[in-house]
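# Breakdown of the fold
Below, each chain spelled out in residue letters.
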Number of protein chains: 2
Amino acid sequence: MSVRTIHVQGNVMARNDEYADRIRRRLRDAGVIAFNLISSPGSGKTTLLERTLDRLDAEFPIAVVTGDVQTENDARRLERHTGRLVQAVVTDGGCHLDARQIHDAVGALDLRETRLLFVENVGNLVCPATWDLGEAAKIVVLSVTEGEDKPLKYPTAFRRARYAVFNKIDLLPHLDYDLDMAVRYARQINPEIETFFVSAQTGEGMDAWYRFLRSRVSGREAA
Amino acid sequence: MSVRTIHVQGNVMARNDEYADRIRRRLRDAGVIAFNLISSPGSGKTTLLERTLDRLDAEFPIAVVTGDVQTENDARRLERHTGRLVQAVVTDGGCHLDARQIHDAVGALDLRETRLLFVENVGNLVCPATWDLGEAAKIVVLSVTEGEDKPLKYPTAFRRARYAVFNKIDLLPHLDYDLDMAVRYARQINPEIETFFVSAQTGEGMDAWYRFLRSRVSGREAA
């Protein structure tokens, strides 16, 4: 049973990686930095992007591709925060975005008018972790309302991500959540992971996030 | 690409459903009610079960099978709340439990000493929704820290679930969350869905949940 699944998965993955390489080349040639946001449902990816568009879209053009199992709700929320096209990929039951879908979505973007591309993946900590979408880096977004042991329970996502954004820190006073322990767990899985601590709702901690994005776009930090 | 995947998935599903039917027969013969808990990571399934074991395990014997991609953390947390065996299934990357795994886990239980079985599925709102584990009903657990539109974005989970537990209601005063709207969305997807509103942390609203479980175990409510 599992052998058969793995075999097909292997073929699908090889095709995915071909598309991912194509995307990566196109983005590099156009000077676009792409981040693939991965999280469980409800961690606040869309709110993080809304705030980020509000703050940075006037500084440099940002494109967004959203992935959802069903509905275009996230894309509709985001289009209110940018004059640019927001691409919605509805996977119709699929638990992750694949590079073919991103390839098509990127094809509809004017890359000369784009410096930063966010891919908001399907809300899921398992499936999206292993799929290369041609991004510069994966970013895992966590809500501090989840348990501290999420990095241990979903290690692939944390191993493949270069950055972790701990969101909803405004709720910490009302929670029994040990942030230091959560960070320790994340580093246990991925010692190189870089962390941000924000409330996309209140804006707390967002300046460090904006500084990071500005430095990546301006190329002051190595890709 | 997708056709091939669907084909294999079909075979796997057919085999799964055979196992699910076997489980369902065994549980029915033994007079055990089984619930399959589905949610995103961090919605509080484990805390809900901890509280439930603390309150009800002395009234009737409850067995638990936990599913996790990695670690046995949930099972270890739960074993402190019951004298009975807690089965941990580590899917090693798999994004849901399947009936074969539950069949093996149930085989190790003394069903004569069990009245209620909880299956705590992998934290994921997509994959587990379509897999029949031989349960009497699926229960979707939501945290009110997630967005109200989760039912629309993950419709399969809400369509297949007979019950929805809205958890962490103690945080409502600190959140910009419209509970009525979330319930409306859930009913839009599944008009028959029955709802509970609880804080597994503070105990608020748990009495209705306990009453429901007692009535199911005593057979006062139809399966």
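Before reading further, recall that the structure is shown in the block above.
Each value, and the rule that gives it
- Residues numbered from 1 in each chain as written.
- Chains lettered and ligands numbered in written order.
- Predicted model: local features only at pLDDT ≥ 70, side-chain atom pairs only at ≥ 80, totals over all residues.
- Heavy atoms only, no water.
- Helix = DSSP H or I, 4+ residues; strand = E, 2+ residues; numbered from the N terminus.
- Buried < 20%, exposed > 50% of the residue type's maximum accessible area, 1.4 Å probe, protein only.
- Polar contact = N/O pair within 3.5 Å; in protein donor to acceptor, adjacent residues only side chain to side chain.
- Contact = heavy atoms within 4.5 Å.
- Least-squares fit on C-alpha atoms with pLDDT ≥ 70 in both.
- Buried area = accessible area lost by both parts, 1.4 Å probe.
- Salt bridge = Lys/Arg side-chain N within 4 Å of Asp/Glu carboxyl O.
- Axes fitted to C-alpha atoms, helices over the stretch in contact; angles between N-to-C directions.
- Parallel < 35°, antiparallel > 145°, perpendicular 65-115°, else oblique.
- Left-handed = near helix turned anticlockwise from the far one by under 90°.
- Nonpolar A, V, L, I, M, F, W, Y, C, P; charged D, E, K, R; others polar.
- Phe/Tyr/Trp six-rings, centres within 6.5 Å; stacked < 30°, edge-to-face > 60°.
- Lys, Arg positive; Asp, Glu negative; His and termini not counted.

### Examining the side chain of Ser143 of chain B
Residues and elements named next belong to chain B. Relative to the elements of secondary structure, Ser143 occurs in strand 5 (residues 137-143). What makes Ser143 buried here is its relative accessible area of 1%. Engagement of the side chain of Ser143 in a polar contact is seen with the side chain of Thr145, the distance being 2.6 Å. If we ignore the near neighbours within four places in the chain, the residues touching Ser143 are Ser43, Asn167 and Lys168.

### Here we look at the relation of the copies chain B and chain A
The two chain copies are related to each other by a rotation about an axis together with a translation along it. Rotating chain B by 180° and moving it 0.0 Å along the rotation axis overlays it on chain A with an RMSD of 0.0 Å. On the angle and the small slide along the axis, the relation comes out as a two-fold axis. When the interface residues of chain B are mapped onto chain A, 100% of them are again interface residues, pointing to one common binding face.

### A few points about the interface of chain B and chain A
Contacts between the two partners involve 41 residues from chain B and, on the opposite side, 41 residues from chain A. The junction of chain B with chain A conceals about 3,300 Å² of combined surface from both sides, 60% of it contributed by carbon and sulfur atoms. Linking chain B with chain A are four salt bridges. Salt-bridge contacts for Lys153 of chain B lead to Asp68 of chain A; the nearest nitrogen and oxygen are separated by 4.0 Å. Linking chain B to chain A there are 11 residue pairs in polar contact (both at pLDDT 80 or more).

### Here's the deal with the packing of helix 2 (residues 45-56) of chain B against helix 8 (residues 206-218) of chain B
All names here are of chain B. Running from N to C, helix 2 and helix 8 point in directions that differ by 65°, and their axes come no closer than 11 Å. Judged by the inter-axis angle, helix 2 sits roughly perpendicular to helix 8. Taken as a pair, helix 2 and helix 8 cross one another with a handedness that is right-handed. When helix 2 is examined against helix 8, the residues Leu48, Arg51, Thr52, Arg55 and Leu56 are found in contact with a partner set consisting of Met206, Asp207, Trp209, Tyr210, Leu213 and Arg214. Its residues assigned to classes, the contact of helix 2 with helix 8 shows six nonpolar, one polar and four charged.

### Section: the packing of aromatic side chains
Here the distance between the centres and the angle between the planes together describe a pair of aromatic rings. Per the stated rule, a full pass over the model turns up 20 aromatic pairs over all chains. Ring geometry for Phe196 of chain B and Phe212 of chain B: centres 5.0 Å apart, planes at 45°, overall tilted. One end of the pair, Phe196 of chain B, is in strand 7 (residues 194-197); the other, Phe212 of chain B, is in helix 8, and 16 residues separate them in sequence. Accessibility assignment for this pair places Phe196 of chain B and Phe212 of chain B in one class, buried. Three or more aromatic residues joined by ring pairs make a cluster, and in this case those are Phe35, Phe118, Tyr163, Phe196, Trp209 and Phe212 of chain A.

### Observations regarding the side chain of Glu148 of chain B
With respect to the helices, strands and loops of the structure, Glu148 of chain B is situated in the loop between strand 5 and helix 5 (150-153). Salt bridges are absent for the buried Glu148 of chain B, whose nearest opposite-charge side chain, Arg77 of chain A, sits at 7.1 Å. For Glu148 of chain B, the side chain forms a polar contact with the main-chain nitrogen of Asp178 of chain B, separated by 2.7 Å. In contact with Glu148 of chain B, other than residues within four places in its own chain, are Asp176, Tyr177, Asp178, Met181, Ala182 and Tyr185 of chain B.

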